[in-house]
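Listed here are the chains, written in short residue letters.
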Amino acid sequence: MLTETDRRTLADRLYVAERDRAPIPPLVLQHPDLTAADAYAIQLHNVRRRQQAVVGHKVGLSSAAMQQMMGVDEPDYGHLLADMRLSETAPADAARYCFPRVEIEVAFLLGADLPGHRCTEADVLAATEALAPAIELIDSRVVDWRISLADTIADNASSAGFVVGAARVAPDEVDLRAIDAVLYRGGEPVARGRSDAVLGNPVTAVAWLARTVAGFGVRLRAGHVVLPGACARAVDVHPGETFRAVFTGLGEVGLSFQTAPDTGERRPWRS
């Protein structure tokens, strides 16, 4: 375990990297002993520092392929903050981010608080007011996404933004394990998947999240948005691009990005 001073120093590095759009080397290069517990403490330092309302949580590493790649056997999680909420009607500023990517997810909108340590899938279904189509914007403040598990946890599970579509569907009106989803860039399909890519059932991911955050004194509350994990691979974002995600039985959601200003420089967008 790191000292509290070490944790604060690493939190400062990530905070400055995000603020200045200046990605840093992996934290584990300097601290190979960085544990998941250390990383969650670092994450919380920066969540509190931002002084933004917590409006939900996200689950990461929820597919078997991603867990195998990271050498873990369970997901991780991050916080969704008020200033991370994006709009379908206003283009996002891609220049705010380091290495942005988008993912398609089935959002859970909670109408009641979830229990903590003993949360079950039945509890999740009972507390979910509606499901909605969503796109999550992920980003890494670590150079070139060269992340370990501890790096991504410390970096708020690579959270950056999210947009939720207008459709609202009750959880008993759709088979939560069989929602097909396609992500379009412009008019071209660039990723497709199904909701059971998320731990076999996204409800399982939400129940895991409720139990896990309880260990840190956190509860999933009524009014929160929960993103349980991606249905398909993440897709890189560049200025001027427009994305649309279409879900069977759940509607669609869009997210666009401003065109990069012409500064006269001819260099790659990612610096």
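A quick note: this is a predicted structure, and the numbers were derived from the prediction, not measured. (Residues numbered from 1 in each chain as written. Predicted model: local features only at pLDDT ≥ 70, side-chain atom pairs only at ≥ 80, totals over all residues. Heavy atoms only, no water.)

### Some remarks on the overall build of the protein chain
Stated precisely, the cut-off is as follows: Numbered from the N terminus, helices here are DSSP runs of H or I no shorter than four residues, and strands are runs of E no shorter than two. Throughout, the radius of gyration refers to the C-alpha atoms, and the reference size of a globule is 2.2 Å times the residue count to the power 0.38. Only protein chains enter the accessibility calculation, which uses a 1.4 Å probe; a residue is then buried when its area is under 20% of its type maximum, exposed when over 50%, and partly exposed in between. Here, two residues are considered to be in contact whenever any of their heavy atoms come within 4.5 Å of each other.
Counting secondary structure elements, the protein chain contains seven helices and eleven strands. Relative to its length of 271 residues, the protein chain is compact, with a C-alpha radius of gyration of 18 Å against a globular reference of 18 Å. For the protein chain, the C-alpha atoms occupy an extent of roughly 50 × 45 × 35 Å along the three principal directions. When each of the 271 residues of the protein chain is scored for burial, the buried share is 53%. Once local pairs closer than 6 in sequence are excluded, the contacts in the protein chain between residues at least 24 apart make up 74%.

### Notes on helix 1 (residues 4-20)
Under the convention used in this document: Multiplying one less than the number of residues by 1.5 Å gives the expected span of a helix. Starting at the helix axis, one direction is taken to each C-beta atom, and the arc is that of these directions.
With 17 residues, helix 1 ought to run about 24 Å at 1.5 Å a step, and its terminal C-alpha atoms sit 24 Å apart, in line with that. For helix 1, the set of buried residues is R7, L10, A11, L14 and A17. With its buried residues spanning 125° around the axis, helix 1 presents them on a single face. Summarising the geometry of helix 1, the exposed residues directed more than 90 degrees from the buried face are T5 and R19. Where helix 1 is buried, its residues touch helix 2 (27-30), helix 3 (36-50) and helix 6 (149-154). Where helix 1 ends, the next residue or the one after it, R21, has phi of about 50°, a positive value.

### Structural notes on the sheet that holds strand 7 (residues 188-194)
We count it as follows: Two strands qualify as a pair provided that DSSP identifies no fewer than 2 bridges between them. Interaxial angles span 0 to 180 degrees and are taken between N-to-C directions of axes, which are lines fitted to C-alpha atoms, for helices over the stretch in contact.
With antiparallel pairing, four strands are arranged side by side in an open sheet as 7-6-10-11. The strands lining the two open edges of the sheet, one partner per strand, are strand 7 and strand 11 (251-256). Going across the sheet, the axis of each strand differs from the next one's by a mean of 15°, ignoring polarity. In this structure, strand 6 (residues 180-185) lies alongside strand 7, joined through six bridges in antiparallel fashion. When the bridges of strand 7 are listed, D180 appears paired with R194.

### Some words on the nonpolar core
To keep it simple, the criterion reads: Grouping buried Ala, Val, Leu, Ile, Met, Phe, Trp, Tyr and Cys residues that are joined through side-chain atoms within 4.5 Å yields what is termed a nonpolar core.
By size, the foremost hydrophobic cluster in this structure holds 65 residues, and its most contacted members are V102, V106, F108, L114, L183, F247 and F257. The contacts of V102, once residues within four sequence positions are left out, are I135, E136, L137, L183, R233, A234, V235, V237, F243, L255 and F257. Core analysis: the second largest hydrophobic core is formed by 13 residues, V47, V55, F162 and V164 among them.

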